[in-house]
Amino acid sequence: MNKRISLKTRVLLLNSLIRSRLTYACQTWCLTVKQRNSPDASYNRMLRMMIRNGFTRKENSWAYVLSNEDLYKVCGTESISVFVYRQQQRYIARLVASL
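First things first, this report covers the structure right here in the doc. (Residues numbered from 1 in each chain as written. Predicted model: local features only at pLDDT ≥ 70, side-chain atom pairs only at ≥ 80, totals over all residues. Heavy atoms only, no water.)

Attention shifts here to the state of the cysteines. Counted under the stated rule, the structure contains 0 disulfides. The closest cysteine sulfur to the non-disulfide-bonded cysteine 30 is located on cysteine 26, 13 Å from its own sulfur. Judged by relative accessible area, which is 75%, cysteine 30 ranks as exposed. (Disulfide = S-S within 2.5 Å. Buried < 20%, exposed > 50% of the residue type's maximum accessible area, 1.4 Å probe, protein only.)

Structural data, given as structure tokens:
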């Protein structure tokens, strides 16, 4: 969370240390939408802590100034649900190729 370290380096550390734990063995997950939102919310919270004014809200609203999509663009990453979907697709392709 140290702001003196570049954002790119902090995101790389977050992805290698935290995202790998959040998505351990995700290739075999069968999640509902509600279950999929929980890791996404945790990951978004960590990303918002890493950038300046990440938790700033719009005036007279509960919405954040930066939407989640804007947050991913600023940090140069993707949501956990997209990452899990891509991992599952790769796993299925590997299984089909081995047959």
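Before going further, it helps to examine the packing of aromatic side chains. Think of a pair of aromatic rings as described by two things: how far the centres are apart, and how the planes are tilted against each other in angle. Following the criterion strictly, the structure yields 1 aromatic pair and no others. With 6.0 Å between their ring centres and 65° between their planes, phenylalanine 55 and tyrosine 64 make a pair best called edge-to-face. The ring of phenylalanine 83 has arginine 19 sitting right over it, with the charged end atom 4.0 Å from the ring centre. Sitting over the face of the ring of tyrosine 64, arginine 48 holds its NZ or CZ atom 4.1 Å from the ring centroid. (Phe/Tyr/Trp six-rings, centres within 6.5 Å; stacked < 30°, edge-to-face > 60°. Lys NZ or Arg CZ within 6 Å of the ring centre and 35° of its normal.)

Here the focus is the nonpolar core. As a rule of thumb, nonpolar side chains are buried together in soluble globular proteins. By size, the foremost hydrophobic cluster in this structure holds 13 residues, and its most contacted members are Leu14, Tyr43, Leu47, Leu71 and Cys75. When residues of this core are traced back to their parent elements, those giving at least two are helix 1 (7-22), helix 2 (33-50), helix 3 (68-75) and helix 4 (80-98). Every residue in contact with tyrosine 43, bar those within four places of it in the chain, is listed here: Leu14, Asn15, Arg19, Leu22, Thr77, Glu78 and Ile80. (Core = buried A, V, L, I, M, F, W, Y, C linked by side-chain atoms within 4.5 Å. Helix = DSSP H or I, 4+ residues; strand = E, 2+ residues; numbered from the N terminus. Contact = heavy atoms within 4.5 Å.)

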